[in-house]
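Coordinate analysis (summary)
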Amino acid sequence: MTKRIPNDIFGRILDDNRVVFASEHSKIEESLLKLREELVSNHDLKLISDDGPDSSFWNKYLQSGAMGKNWLDSPWLFTEFYFYRRVIESFNYFDSRIDPFKAQKQAGLRAAIDHTNSYLTVLTPLLSAVMPMLEKGKQSSDIKQPESSSEIVVDTVTNILSYGIYASLFGNKMDLSLYPVDLASGINNNNGGVGNTTTSSVSHSSIQEMNDTLKQMISCNSEHIISSQSEIVVAHMLDNYSWNTKGSTINHSKTHIDIICDNAGYELVTDLILGYICLKLNITGRVVYHTKGFPTFVSDATTDDVMYTLRSLQDMGENYPLVGAMASEMLQYITDGRVHIQDNLCWCQPIAFYSLEKVYPDVAQMFVDTSVVFIKGDANYRKLLGK
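No experiment lies behind these values; they were computed from the predicted model shown.

The secondary structure content of the protein chain amounts to 19 helices and 6 strands. Within the protein chain, contacts between residues at least 6 apart in sequence are counted, and of these 77% link residues at least 24 apart. Carbon together with sulfur atoms contributes 49% to the accessible area of the protein chain, which is approximately 17900 Å² in total.

Following this line, the structure appears as structure tokens:
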């Protein structure tokens, strides 16, 4: 609070918004400089003065004195959230809709395109190999499939889902831990051209070899995880998902999967691809992405960031066809109602999650029909623990 925010964070906000300040929004810079002076001088925490929908929440907490009097006396997590809310106030966000962190988030997405393409280069061959088998089962339930087909489909779906969960977990670290080139090349060497075509003529042995390679890529991450129950999560998600002796998939779940978004950029991309996997394989009928109610913590994702990300990736399709195709499908899922993006101010507040329903009673209702919730990030971890 004495170095990182007044020096690094403030410096980036000021540098990235020079064009904004030069327009009719010159008062924003003045307000930001006053805010920095408050912080550096350790002034008393001021009430929120805008008409934002959460102003009363903040002012109630501030007036109670429960969170401390000034910037340095208050708990770190509270003042961190409070700082970003004051930045939003300076930008008059709820009227102007100016995102102070837009430039950094968009730069992060541009930097992530090669990693995104690498991820989909690994994922697409297996998806393309297993999808015809799933479709054949749905369309020809009277045709008996060999027992080996059942095993391969279940194994492949399990591996793809596990890979998607690990990729989402590691987010911007995935290029170092989930995409070792020497292993990934094994998938591309055995895909029989699957990544570039919809052919269903890939041999069982080729699919099994790709599965074995993907398992190695997943297992190489175990040393980086302190505690993992990923097998339990995958088993839960696939509880109603099977491949019977007549070759038909069984999955008619009415529940949805929820992903509470953390950072924009590559991490958001991995979250989107996780949802894409679940919908593509019919693991769920609907995926709900929960986004921040306003820009905060520099890189946290808003609904605008989700839409910008998908449209940008779609536009990159000429040079990155796998990326463009995934983004186009996700945009269609949004149109069809299979993907829903839900923002809420509750994710921007310094409230322990066990107390969240008292302040935002609608939160519990959002998760009534949820089969599984994915949540990550340091702030969310602290809020889960109530620290």
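This structure, assessed with the given rule, holds 17 aromatic pairs. Pairing Trp 347 with Phe 367 gives two aromatic rings, centres 6.4 Å apart and planes at 80 degrees, and the pair type is edge-to-face. Placement of Trp 347 in the loop between β5 (339-344) and α17 (356-359) and of Phe 367 in the loop between α18 (362-366) and β6 (370-375) is noted, with a sequence separation of 20 residues between them. For Trp 347, a relative accessible area of 4% puts it in the buried group. In this structure an aromatic cluster arises from ring pairing among Phe 10, Phe 81, Phe 83, Tyr 84, Phe 101 and Phe 297. Directly above the aromatic system of Phe 294 lies the positively charged group of Arg 85, at a separation of 5.8 Å from the ring centroid.

Before going further, it helps to examine helix α5 (residues 76-90). Counted at 1.5 Å a residue, the expected span for α5 with its 15 residues is 21 Å, and the 21 Å between its end C-alpha atoms agrees. In terms of residue burial, α5 counts as a mostly covered element, since 14 of its 15 residues are buried. Residue Asn 92 follows α5 closely and has a positive phi angle near 50 degrees.

As a further point, take the packing of helix α1 (residues 4-16) against helix α3 (residues 26-40). Running from N to C, α1 and α3 point in directions that differ by 175 degrees, and their axes come no closer than 11 Å. It follows that α1 is roughly antiparallel to α3 by the angle criterion. Contacts between α1 and α3 involve Ile 5, Pro 6, Phe 10, Ile 13 and Leu 14 on the former and, on the latter, Glu 29, Leu 32, Leu 33, Leu 35, Arg 36, Leu 39 and Val 40. A class-by-class count of the residues in the contact of α1 with α3 yields 10 nonpolar, no polar and 2 charged.

Between two packed helices, what matters for the description is the angle formed by their axes and the separation of those axes. Running from N to C, helix α15 (residues 303-315) and helix α16 (residues 321-336) point in directions that differ by 135 degrees, and their axes come no closer than 7 Å. Relative to α16, the element α15 lies oblique. Considering the relative orientation of α15 and α16, their crossing is left-handed. Each of Met 307, Leu 310, Arg 311, Leu 313 and Gln 314 in α15 lies in contact with α16, whose residues at this interface are Val 323, Gly 324, Met 326, Ala 327, Ser 328, Met 330, Leu 331 and Ile 334. Class assignment for the residues of the contact of α15 with α16 results in 9 nonpolar, 3 polar and 1 charged.

A few words now on α1. With 13 residues, α1 extends 17 Å between its outermost C-alpha atoms, agreeing within 8% with the 18 Å of an ideal straight helix rising 1.5 Å per residue. Phe 10 marks the point of greatest bend in α1, at about 30 degrees. Those residues of α1 lying buried are Ile 5, Pro 6, Ile 9, Phe 10, Gly 11, Ile 13 and Leu 14. In the core, the buried residues of α1 are packed alongside α2 (18-22), α3 and α5.

Reading the values: rules and limits
- Chains are numbered independently. Their residues run from 1 in the order of the written sequence.
- In keeping with the model being predicted, local features are shown solely for residues with a pLDDT of at least 70 and side-chain atom pairs are shown and tallied solely at 80 or more, while totals for entire chains, interfaces and linings include all residues.
- Values shown for side chains rest on all heavy atoms present in the structure; no hydrogens or waters enter the calculation.
- Numbering of helices and strands starts at the N terminus; helices are DSSP runs of H or I of at least 4 residues and strands are runs of E of at least 2.
- It only takes one pair of heavy atoms within 4.5 Å for two residues to be counted as in contact.
- To measure how exposed things are, a 1.4 Å probe is used in the Shrake-Rupley method; for residues, cover is taken only from the protein chains shown.
- Two rings from Phe, Tyr or Trp (for Trp, the six-membered ring) form a pair when their centres are within 6.5 Å of each other. A pair whose planes differ by under 30 degrees is stacked, one over 60 is edge-to-face, and the rest are tilted.
- Relative accessible area decides the class of each residue, using a 1.4 Å probe on protein chains only: under 20% of the type maximum gives buried, over 50% gives exposed, and in between gives partly exposed.
- Each ring is checked for a lysine NZ or an arginine CZ that lies within 6 Å of its centre and within 35 degrees of its normal; such an atom marks a charge sitting over the ring.
- Expected span of a helix: the number of residues minus one, times 1.5 Å.
- Note on method: axes are straight lines fitted to C-alpha atoms, helices fitted across the in-contact stretch only, with angles between N-to-C directions ranging 0 to 180 degrees.
- An angle below 35 degrees is treated as roughly parallel, one above 145 as roughly antiparallel, one from 65 to 115 as roughly perpendicular, and anything else as oblique.
- Under the grouping applied here, Gly and all other residues not named as nonpolar or charged are polar, the nonpolar ones being Ala, Val, Leu, Ile, Met, Phe, Trp, Tyr, Cys and Pro and the charged ones Asp, Glu, Lys and Arg.
- For any helix crossing, the convention is left-handed if the near helix is rotated counterclockwise from the far helix by under a right angle, and right-handed if that rotation is clockwise.
- Here the bend at a residue is taken as the angle between two axes, fitted respectively to the seven residues that end there and the seven that start there.

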